[in-house]
Amino acid sequence: MTNLFLLVAQQTTDTSVQDTLTNNQAGAGAAISVVIVLLIFAGAIFLIIKAIQAIGKNSQNKKSNVLFVQQKLNEFNPDKKYINPTNKSAIAFNEAKRQLLIVDKKHFNNLYEAMAYEKSTGRNHKEFWATTIEFANILQSEIKTDDQTISKKSTSRTLGGVLVGGALLGGAGAIVGGLSGAAKNFSKTKSIDLVITTKTLSDPIIKFRFFDSPQQVSSSSSMVKYALDNAEQWQSIISIIIDQEDKQV
């Protein structure tokens, strides 16, 4: 009888221990689940805060860039200007000063190039910069779509347009002249750039972007046509400038 009592007592003890272990494991599992949920929640909150900060910073950068462009245009007092309706960058000329003004941000092919620029200059790659180009320092002007040249004018070529009265601006403020150089058709593009080559050693190639898209856009779209029309107009202006400078040599 004593042995039977001991056996029952042992089984009861073993069952209690097993139940305790099971309950502890269940409690530990629940605690781990709660911790995981809290970590996920905290991570989501962190990402939301970072996103809000990024949006605020981008908005501040855009506002700062717009003010910077307006300041530079006011200081330059241009005869003619073009302001990109998308990012508010600007290109302008002042005939009396014999200068071009470009206010734009740097454009890179990838994020690695942008980060390398920031590391070497200490500047945000999205910040606008301004540069003036002496007419006499312009060697070449190109229109490029996705880095493919569709029109080019250089000091070794001639312009097929007509310069009225020796001035860039006609009576109605129109530019008289046409593009010269080889051109080819394109069906889609992500970017349209005016690329100016100068004699300046520190910055010999200067770009102004008329169109910028993360995806390929059809050349028949109104946005691309508008950008290309303006790029062609400024290519004509710079072609006239190059011819004027060639005649003075």
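The structure we're discussing is the one just above.
The following paragraphs examine the structure supplied in this document. (Residues numbered from 1 in each chain as written. Predicted model: local features only at pLDDT ≥ 70, side-chain atom pairs only at ≥ 80, totals over all residues. Heavy atoms only, no water.)

### Overview of the overall build of the chain
Per the secondary structure count, the chain includes three helices and eight strands. Overall, the chain shows an N-to-C arrangement of helices and strands of α-β-β-β-α-β-β-β-β-β-α. In the chain, buried positions account for 32% of the 249 residues. Partitioning the intrachain contacts of the chain with sequence separation of at least 6 by distance along the chain shows that 64% fall at a separation of at least 24. Accessible surface, the chain as shown: approximately 15300 Å² in total, 58% of it carbon and sulfur. (Helix = DSSP H or I, 4+ residues; strand = E, 2+ residues; numbered from the N terminus. Buried < 20%, exposed > 50% of the residue type's maximum accessible area, 1.4 Å probe, protein only. Contact = heavy atoms within 4.5 Å. Areas by Shrake-Rupley, 256 points an atom, 1.4 Å probe, with all protein chains shown as cover.)

### Description of the pattern of salt bridges
One pass over the structure, following the stated rule, counts six salt bridges. Between Lys 72 and Glu 75 there is a salt bridge, and its shortest N-O distance comes to 3.8 Å. Here Lys 72 pairs with Glu 75, and both are found in helix α1 (residues 2-76), just three residues apart, close to one helical turn. The exposure class assigned to Glu 75 is partly exposed, which follows from its relative accessible area of 47%. Residue Asp 193 pairs with Arg 209 through a salt bridge whose shortest N-O separation is 2.7 Å. (Salt bridge = Lys/Arg side-chain N within 4 Å of Asp/Glu carboxyl O.)

### What to know about the sheet that holds strand β3 (residues 99-105)
Reading across the sheet, the four strands line up as β1-β2-β3-β4 and stay open at both edges, with antiparallel pairing between neighbours. Each of the sheet's edge strands pairs with one partner strand only, and the pair in question is β1 (80-83) and β4 (128-134). When the angles between neighbouring strand axes are averaged without regard to direction, this sheet yields 10 degrees. With seven bridges joining them, β3 and β4 adopt antiparallel strand pairing. In the strand pairing of β4, Val 103 is matched with Ala 130. Across the sheet, helix α3 (residues 222-248) lies against β1, β2 (90-94) and β3, angled at about 150 degrees from β1, the strand it touches most. (Pairing = 2+ DSSP bridges. Axes fitted to C-alpha atoms, helices over the stretch in contact; angles between N-to-C directions.)

### Section: unusual backbone geometry
For Lys 88, which is not glycine, the phi dihedral falls at a positive 70 degrees. Residue classification places Lys 88 among the partly exposed residues on the basis of a relative accessible area of 37%. Backbone geometry at Arg 98 places phi at a positive 55 degrees, although glycine is not the residue there. Position of Arg 98 among the secondary structure elements: in the loop between β2 and β3.

### Points about the sheet that holds strand β6 (residues 148-154)
In space, the four strands of this open sheet follow the order β6-β5-β7-β8, with antiparallel pairing throughout. Two strands in the sheet have a free side with no partner beyond their single neighbour: β6 and β8 (205-218). The mean angle between the axes of side-by-side strands here comes to 10 degrees, regardless of whether they run parallel or antiparallel. Together, β5 (138-145), β6, β7 (188-198) and β8 form the strand contacts of α3, whose direction differs from that of β5 by roughly 165 degrees.

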